[in-house]
Number of protein chains: 2
Amino acid sequence: MPARTSLSGFPEWLPAERIVELSILDQLRETFELHGFASLETRAVETLDELQRKGETSKEVYMLERLQDRGNDRHDKKERPLGLHFDLTVPFARYVLENAGNLTFPFRRYQIQKVWRGERPQDGRFREFTQADIDIVGNGTLAFHHEVEIPLVIIEALSKLPIPPVTVLVNNRKVVQGFCEGIGVTDVEQALRSIDKLDKIGPEGVAAEMREFGFEQEQVDRLLELASLSGDDEQVLDGVRALGVSNDLIEEGLEELGALLQAAAKRAPHRVRAELKIARGLDYYTGTVYETMLEGNEDLGSICSGGRYDSLASDGKRSFPGVGISIGVSRLVSRILASDLAVASRSVPTCVLVAVMNEESRSASDDVAHDLRSRGIPTEVSPSSAKFGKQIRYADRRGIPYVWFIGEDGSHEVKDIRSGDQVSADPKAWEPPANDLLPTVKPGE
Amino acid sequence: MPARTSLSGFPEWLPAERIVELSILDQLRETFELHGFASLETRAVETLDELQRKGETSKEVYMLERLQDRGNDRHDKKERPLGLHFDLTVPFARYVLENAGNLTFPFRRYQIQKVWRGERPQDGRFREFTQADIDIVGNGTLAFHHEVEIPLVIIEALSKLPIPPVTVLVNNRKVVQGFCEGIGVTDVEQALRSIDKLDKIGPEGVAAEMREFGFEQEQVDRLLELASLSGDDEQVLDGVRALGVSNDLIEEGLEELGALLQAAAKRAPHRVRAELKIARGLDYYTGTVYETMLEGNEDLGSICSGGRYDSLASDGKRSFPGVGISIGVSRLVSRILASDLAVASRSVPTCVLVAVMNEESRSASDDVAHDLRSRGIPTEVSPSSAKFGKQIRYADRRGIPYVWFIGEDGSHEVKDIRSGDQVSADPKAWEPPANDLLPTVKPGE
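Calculation notes
Residues numbered from 1 in each chain as written. Chains lettered and ligands numbered in written order. Predicted model: local features only at pLDDT ≥ 70, side-chain atom pairs only at ≥ 80, totals over all residues. Heavy atoms only, no water. Helix = DSSP H or I, 4+ residues; strand = E, 2+ residues; numbered from the N terminus. Buried < 20%, exposed > 50% of the residue type's maximum accessible area, 1.4 Å probe, protein only. Contact = heavy atoms within 4.5 Å. Areas by Shrake-Rupley, 256 points an atom, 1.4 Å probe, with all protein chains shown as cover. Lys, Arg positive; Asp, Glu negative; His and termini not counted. Charge placed at Lys NZ, Arg CZ, Asp CG, Glu CD. Buried area = accessible area lost by both parts, 1.4 Å probe. Salt bridge = Lys/Arg side-chain N within 4 Å of Asp/Glu carboxyl O. Polar contact = N/O pair within 3.5 Å; in protein donor to acceptor, adjacent residues only side chain to side chain. Nonpolar A, V, L, I, M, F, W, Y, C, P; charged D, E, K, R; others polar. Pairing = 2+ DSSP bridges. Axes fitted to C-alpha atoms, helices over the stretch in contact; angles between N-to-C directions. Phe/Tyr/Trp six-rings, centres within 6.5 Å; stacked < 30°, edge-to-face > 60°. Lys NZ or Arg CZ within 6 Å of the ring centre and 35° of its normal. Least-squares fit on C-alpha atoms with pLDDT ≥ 70 in both. Left-handed = near helix turned anticlockwise from the far one by under 90°.

Draft legend 1. Expanded view of the overall build of chain A. Secondary structure assignment for chain A yields 14 helices and 19 strands. Projected onto its principal axes, the C-alpha coordinates of chain A cover approximately 95 × 60 × 45 Å. Looking at chain A as a whole, 58% of its 445 residues are labelled buried. In chain A, 68% of the contacts between residues at least 6 apart in sequence involve partners at least 24 apart. As displayed, chain A offers around 18200 Å² of accessible surface, 47% of which is attributable to carbon and sulfur atoms. Counting 54 positive and 73 negative side-chain charges, chain A places the centres of these two groups 5 Å from one another.

Draft legend 2. Local environment of the interface of chain A and chain B. Every contact between the two is made by 93 residues of chain A and, on the other side, 92 residues of chain B. Summed over both sides, the interface between chain A and chain B buries roughly 7800 Å², with carbon and sulfur atoms accounting for 51% of that surface. Of the charged contacts, one joins Lys266(B) and Asp367(A) as a salt bridge, the two residues approaching to 3.1 Å between their closest N and O atoms. Where chain A packs against chain B, one counts 52 residue pairs in polar contact (both at pLDDT 80 or more). Tallying contributions element by element places helix 1 (residues 15-34) of chain A first for the side of chain A that touches chain B, with seven residues. Tallied by class, residues from the side of chain A that touches chain B come to 36 nonpolar, 22 polar and 35 charged. Pairing geometry for strand 3 (residues 62-66) of chain A and strand 3 (residues 62-66) of chain B, over five bridges, is antiparallel. Its bridge partner lying in strand 3 of chain B, Met63(A) is registered against Glu65(B).

Draft legend 3. Broad picture of the sheet that holds strand 10 (residues 288-294) of chain B. Residues and elements named next belong to chain B. Read from one edge to the other, the open sheet built from nine strands follows the order 1-5-6-12-11-10-7-9-8, with strand pairing classed as mixed. Looking at which strands have only one partner, the edges of the open sheet turn out to be strand 1 (38-39) and strand 8 (230-231). The strands that helix 10 (residues 248-267) touches are strand 7 (166-172), strand 8, strand 9 (272-275) and strand 10; relative to strand 7, the one it contacts most, it runs at about 160°.

Draft legend 4. Spatial organisation of the packing of aromatic side chains. Residue and element names in this part refer to chain A. One pass over the full model with this rule turns up 17 aromatic pairs over all chains. On the numbers, 5.1 Å between centres and 70° between planes, the contact of Tyr 402 with Trp 430 is edge-to-face. You can see Tyr 402 sitting in strand 16 (residues 402-406) and its partner Trp 430 sitting in the loop between strand 18 (422-424) and helix 14 (434-437), a full 28 residues away along the chain. Residue classification places Tyr 402 among the buried positions, given a relative accessible area of 6%. Ring pairing ties together the aromatic residues Tyr 284, Tyr 285 and Tyr 309, which thus form one cluster. For Arg 108, the ring lying beneath its charged end belongs to Phe 37, and the centroid distance is 4.5 Å.

Draft legend 5. Region of the structure containing the relation of the copies chain A and chain B. When chain A is fitted onto chain B, the two copies agree to an RMSD of 0.0 Å after a turn of 180° and an axial shift of 0.0 Å. The operation mapping one copy onto its partner corresponds to a two-fold rotation axis. Proximity to the rotation axis, assessed at the C-alpha, singles out Leu64(A) in chain A; its C-alpha lies 2.5 Å from the axis. Interface residue correspondence from chain A to chain B reaches 99%, placing this contact among same-surface, isologous pairings.

Draft legend 6. Broad picture of the packing of helix 1 of chain A against helix 1 (residues 15-34) of chain B. Running from N to C, helix 1 of chain A and helix 1 of chain B point in directions that differ by 145°, and their axes come no closer than 15 Å. Where helix 1 of chain A crosses over helix 1 of chain B, the handedness of that crossing is left-handed. Along the contact surface, helix 1 of chain A presents Leu22(A), Asp26(A), Arg29(A) and Glu33(A), while helix 1 of chain B presents Leu22(B), Asp26(B), Arg29(B) and Glu33(B). Of the residues contributing to the contact of helix 1 of chain A with helix 1 of chain B, the split by class is two nonpolar, no polar and six charged.

Draft legend 7. Here's a closer look at the side chain of Arg117(B). Residues and elements named next belong to chain B. Take Arg 117: it is sitting in the loop between strand 5 (107-116) and strand 6 (128-137). We note that Arg 117 is buried and unpaired, the nearest opposite charge coming from Glu 119 at a distance of 5.4 Å. Reaching out from Arg 117, the side chain makes a polar contact with the backbone oxygen of Phe 86 at a distance of 2.8 Å. Setting aside residues up to four positions removed in sequence, Arg 117 forms contacts with Lys 59, Glu 60, Tyr 62, Phe 86, Asp 87, Phe 126, Arg 127, Phe 129 and Gln 131.

Draft legend 8. Structural view of the pairing of strand 9 (residues 272-275) of chain A. All names here are of chain A. As paired strands, strand 7 (residues 166-172) and strand 9 are joined by three bridges and run parallel to one another. Following the sheet pairing, Val 170 is matched in strand 9 by Ala 274. As paired strands, strand 8 (residues 230-231) and strand 9 are joined by two bridges and run antiparallel to one another. Among the inter-strand pairings, Ser 230 is bridged to a residue of strand 9, identified as Glu 275.

Take a look at the structure:
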């Protein structure tokens with residue numbers, strides 16, 4: 001991953017790069033809020049119990065230890081061990097349980113936060129990165145139509161970013177589960193694990209592994225046929241039906257896939273495709289599952305994944321089904337920056353630099369800045385009263401488009417330092433062109 | 001601190017509370033950007049060396065340990081120990097050194113991020129909280145006028161929040177240092193430590209402590225006289241001069257204080273006061289120092305502190321002087337929420353709920369939502385097609401002001417559920433009153 005960092009796996013951005021990231025975060029937030037998702041933040045820290053509640057052991061976790069306790073045999077005995085969250089789903093599930101009495105269901109939230117994974121530094125993976133999640137959670141029940149809604153919100157959100165088009169690949173646990181049951185496969189988890197390797201080791205490799213685990217050749221053939229199917233309309237469902245395996249669970253799953261493809265054909269044509277080989281996550285998702293590919297950047301893998309879980313959270317008495325999806329923002333931003341997919345028009349928010357003739361008159365320049373800011377125009381006053389040429393260079397190096405001059409006679413002029421045009425202007429009335437007011441993020445070369 | 005949390009010291013907010021916090025963060029960001037500060041984020045993690053570089057040992061630090069390495073005698077030997085940052089100054093200093101070649105100086109940045117302190121849980125202090133910092137950093141030199149600028153930006157930023165007025169209390173290290181030198185006190189650090197206790201133990205206590213450390217009675221009297229001075233105009237400077245101690249350093253400090261008070265009198269009357277007893281931070285600040293009191297909430301202590309340092313960062317060859325200030329956002333939000341200083345008008349971003357007559361016509365409701373959203377109106381479609389009364393209650397419980405109905409004849413009506421007014425409306429043209437478009441944050445009762 002081509003991120004600048006002085007500590008492997010912990011990317012940081014330069015100011016102009018941060019403007020690109022910030023515009024992406026702002027855009028995601030805007031779309032999520034347009035769809036009624038409420039903002040939420042959870043603490044960075046969970047108890048180890050909570051982090052491992054789902055039997056999740058594949059994720060690398062950073063544990064916390066007070067510096068003062070370091071090397072001590074025993075930590076503070078009053079407190080359970082604490083670790084940094086590795087995703088936003090585990091903390092959200094905990095939050096829902098703790099606050100259920102104060103939430104209204106179905107509860108829609110978005111959450112944009114850093115997560116951490118205690119990877120070994122030499123593995124070069126991100127150890128800190130930003131995720132942007134949306135989830136809809138019900139109390140006891142959650143209608144299927146939310147499984148249609150989630151990918152459409154995400155496609156809308158991603159379509160507003162400076163990136164190539166995305167395709168959301170979907171599958172449905174019910175189809176695969178029903179199919180396995182229909183052909184007498186009992187170890188559904190193993191079937192999923194093998195199918196998941198299809199892109200890596202090919203159909204022969206998958207077949208060999210399945211046989212190793214005791215699958216019959218007929219079962220292997222059928223599963224590979226199923227996994228080969230994909231499409232963005234009813235034909236893919238007919239393809240499944242044509243395999244001649246049928247039961248209520250398959251049919252329910254196919255109807256759900258069909259409803260999703262139909263809605264997508266209307267709202268986001270050609271942006272959603274059923275791929276029956278998608279197996280990742282099907283061990284814990286119970287209905288629709290999502291992966292998202294970025295056109296021309298398929299090497300990134302899925303930039304946005306999620307699905308439906310019948311029990312996002314449960315305390316034994318109550319159960320909270322949910323459906324959600326998570327964008328790997330840092331991976332996306334890292335690619336955008338490394339491939340120059342987008343660049344910021346300047347490295348600072350500043351639109352106008354007010355020049356300072358000499359230190360005695362700095363207060364007059366402050367007055368102009370005050371007037372401009374009061375009308376929402378980001379403004380700096382020149383830090384030095386050096387020659388105007390030097391003050392213009394200060395603006396130029398930051399991409400600040402305008403420099404404001406106060407004449408000895410108290411006249412005002414503003415110069416567009418890109419074109420060199422200089423006009424007289426009133427600090428209480430002048431407005432920059434809308435495009436220049438704030439930094440913009442545009443597609444790169 | 002009255003924050004809701006299931007883990008002591010790690011506050012979390014309910015959705016309506018988060019809207020209050022978010023509006024405060026948005027407002028701070030807007031003011032900072034109006035003044036040309038660029039956004040920056042640094043990683044949450046620093047090496048222990050970096051965290052202790054300033055000989056800082058008073059801050060409690062959380063160290064990280066990979067779960068997989070836990071209990072092992074030795075951690076990954078390839079990597080220096082890592083800990084979570086306890087403020088945003090240490091990481092910013094490190095960032096400036098690492099990226100100096102790609103930054104333009106003076107460099108102005110704001111940084112709004114979580115920080116962590118490894119406090120003992122039973123102490124009840126925040127262990128995770130949000131800070132909002134602004135700093136201006138020069139390469140080699142940094143003009144004094146930035147010491148005037150910083151508190152004025154902060155006063156403007158805080159004045160736009162739903163909180164009582166603030167007063168920025170200022171002092172200047174040069175005055176105190178020069179005064180100590182003028183009266184023959186060599187242990188300036190001890191003088192500062194004692195004066196810092198003035199509010200806690202009173203002048204007699206401070207005097208006793210100073211005598212214990214070998215200060216002469218005459219010195220003690222003079223320092224207590226100095227510390228008793230405060231004011232928001234030239235008189236306080238005359239008061240210092242009247243003490244009859246004078247040298248170049250005192251005079252330089254008094255001129256700086258005077259310039260600050262003069263600018264503040266113009267830009268923020270009565271919001272800046274010199275208090276010569278402010279000693280906190282004077283051990284590492286080298287010029288002006290700031291503390292900020294919230295009217296009627298003085299028990300919070302300073303909600304925003306900072307100052308000038310001649311060397312924010314240095315690599316031996318280069319030195320980067322800076323001036324900055326840091327708002328303790330979580331402490332402020334916690335007080336705002338606990339004291340009902342501000343409340344959100346609703347708990348969701350949603351302005352309109354589109355009712356659903358029956359599941360067959362859900363797509364028609366989706367169409368309306370699509371039209372409204374395309375004009376920037378946050379909209380949800382009712383999750384259920386239950387009786388309209390129930391759908392209205394869904395909106396009511398969240399504070400969603402409008403419910404949209406599609407008649408069997410395809411007619412459209414929108415109901416303000418607060419007034420009960422219902423009017424026919426065109427989904428491609430209807431606009432809510434500007435005040436209803438997004439959640440607003442207003443002063444509480």
